[in-house]
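# Understanding the architecture of this molecule
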Amino acid sequence: MIRVLGLTAASLNWPIMVPFVILLVAIALAPLIAQRHWERHYHKLCVALACIVCLDYLLVIKESARVVHAGIDYVTFMVIVGSFFVVAGGIHLRVKSPSGAMRNTLFLFVGALLGNLIGTIGASMLLIRPWIAMNRGRIAPMHVAFFIFLVSNISGALLPVGPPLILGFLKGVPFNWTLQHCWRQWLMTVGIVLLVFVILDLINLRSNRKTIHEAELTSWRCDGAHNFIFLFAILATLIAVPAGWREPLVILVALGSYLGTPQRIRDANNFTFAPLGEIGWLFLGIFGTMIPVLEFMEGSAGRLGLNSDLAFFWATGLLSALLDNAPTYLAFFAAALGRYGLNTNDVSHVARFLSENGRDLIAISLGATFFGALTYIGNAPNLLVKTIAEHARVPTPSFIGYIWKFALPILVPIYAMLSILFLSK
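Please read all numbers here as calculations on a predicted model, not as lab measurements. (Residues numbered from 1 in each chain as written. Predicted model: local features only at pLDDT ≥ 70, side-chain atom pairs only at ≥ 80, totals over all residues. Heavy atoms only, no water.)

With that settled, the discussion passes to the overall build of the protein. Scanning the protein from N- to C-terminus turns up 18 helices and 2 strands. For the protein, whose C-alpha radius of gyration is 21 Å, the value lies close to the compact-globule estimate of 22 Å for 425 residues. Taken along the three principal axes of its C-alpha coordinates, the protein extends 75 × 50 × 45 Å. A total of 425 residues make up the protein; the buried ones form 56% of that total. Looking at the protein alone, contacts between residues at least 24 apart form 81% of all its contacts between residues at least 6 apart. Taking the 29 positively charged and 19 negatively charged side chains of the protein as two groups, their mean positions are separated by 9 Å. (Helix = DSSP H or I, 4+ residues; strand = E, 2+ residues; numbered from the N terminus. Rg over C-alpha atoms; globule rule 2.2 N^0.38 Å. Buried < 20%, exposed > 50% of the residue type's maximum accessible area, 1.4 Å probe, protein only. Contact = heavy atoms within 4.5 Å. Lys, Arg positive; Asp, Glu negative; His and termini not counted. Charge placed at Lys NZ, Arg CZ, Asp CG, Glu CD.)

Moving on, we come to the state of the cysteines. Scanning the entire structure with this criterion turns up 0 disulfides. With no disulfide of its own, C54 has C51 as its nearest cysteine by sulfur position, at a separation of 6.9 Å. (Disulfide = S-S within 2.5 Å.)

The next thing to look at is the packing of helix α5 (residues 101-134) against helix α17 (residues 380-391). Closest axis-to-axis distance for the α5/α17 pair is 10 Å, and the angle between their directions is 20°. Put simply, α5 runs roughly parallel to α17. Of the two elements, α5 crosses α17, and the hand of that crossing is right-handed. Where α5 abuts α17, its residues T120, I121, S124, M125, I128, R129 and I132 lie against P381, L384, V385, I388 and A389. (Axes fitted to C-alpha atoms, helices over the stretch in contact; angles between N-to-C directions. Parallel < 35°, antiparallel > 145°, perpendicular 65-115°, else oblique. Left-handed = near helix turned anticlockwise from the far one by under 90°.)

Once that is clear, we can look at the layout of surface pockets. Its boundaries defined by the atoms lining it, the largest pocket holds a volume of some 1,000 Å³. Those elements that provide at least two residues to the lining of the largest pocket are α2 (18-33), α3 (35-60), α5, α12 (274-289) and α17. For the lining of the largest pocket, the element with the most residues is α17, which contributes 9 residues. (1 Å grid on protein atoms, 1.4 Å probe; cavity = no way out; pocket = protein on both sides within 12 Å on 5 of 7 lines; lining within 4 Å. Points joined across faces, edges and corners; volume = space filled by probe spheres on them.)

Moving on, we come to helix α14 (residues 309-322). In this model, α14 (14 residues) spans 20 Å end to end at C-alpha, consistent with the 20 Å of a helix rising 1.5 Å per residue. Elements that come into contact with the buried residues of α14 comprise α15 (325-338), α16 (347-371) and α18 (399-423). (Expected span 1.5 Å × (residues − 1).)

Turning next to unusual backbone geometry. The backbone of K62 sits at a positive phi, close to 65°, despite the residue not being glycine. Structurally, K62 is set in the loop between α3 and α4 (64-88). Exposure remark for K62: the relative accessible area of 61% places this residue in the exposed category.

What follows covers the nonpolar core. If you look at the biggest cluster of nonpolar residues, it comprises 132 residues, and the most contacted ones within it are F77 and F149. Here this core takes 14 residues from α5, the largest share from any one element. In this structure, F149 is in contact with I154, V193, A373, Y402, F406, A407, I410 and L411, ignoring residues within four places of it in sequence. Ranked by size, the runner-up nonpolar core spans 7 residues in total, among them I16, V53, A70 and I291. (Core = buried A, V, L, I, M, F, W, Y, C linked by side-chain atoms within 4.5 Å.)

Spelled out as structure tokens, the structure:
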């Protein structure tokens, strides 16, 4: 009965979901068609849309509990993402160049592992400049594309240290749950993508051998390596410390890293808080406007045709590519629980769902993390990497070129194979 009433309320109040749609469309298109105006005013739009929804729930619908839950989740999200961002910004890598195909492949594999430890945002910021430096003289658009595939997206499929999986962790999914249930799919996907990359990079190396100058050789070096200790301290805190105590301890660890790292290291990384500020404003809008969407999705899985692992995988994936994988993950997570009359804001409901129907969440997790690589707007680090590459005057795929030349012909067949092997049973 409660489920029916919830669905009815969400259906009758559908206009309050419009701010969420407006925000996602703006995130996807505004940077492409009105970049200067977007950079100047996006935070105002985020706050305004979030206020519209939250005030409606507080003053009209009288469901303040949902606003409180969203607020707590947002604060925890920003604490965790921000802490990894700060600590990763204190590590500066100097790499040996020029690099061959085997060393490039190993670098991407290490990046895919590192993204599970410090998040895709942290790993992308840490590794994109060394990646450009080690391939200078022969770097091509495909180098940027494969970096986004592996480091900025697929690498985030095992541990909830950044969006989108961190949103499930905040709802009660155990920290190591995706690692236990998704490692085989992750390893197969990473292996095939790397195999395709090494073939293409060998071809690139042979065609550009004359343009590579041995005088560019430098040695490997890692400045700020002590910050890896802080990274593992954050991971240990997330695993072992309960909510309430967890957030203050994570902030203290990040503060210790920031104060204990020489400024020259952060300067070498061109570190600023601007990307973190942008993420903060955007997710303020997302968490605020998504309240009615989650309520609706909890009762609409059946009507949307979400009744199998394959359906959840491809529906979550395609929307993650077109919108943003973090809110898409959370929406389909709510839909999956809603199939069984469960609520994402009840930790006992989440635990029951995982014990009885965890395959749905496997499909959702893989769909959100993997398909975020299909477009530049599928995941937050994608545009960040594109911007850094363009500023470094590196050949970078266009918005359409990235999709048509790289994402569709390389990733979609791999995801189809993944569906057949792991999700069609």
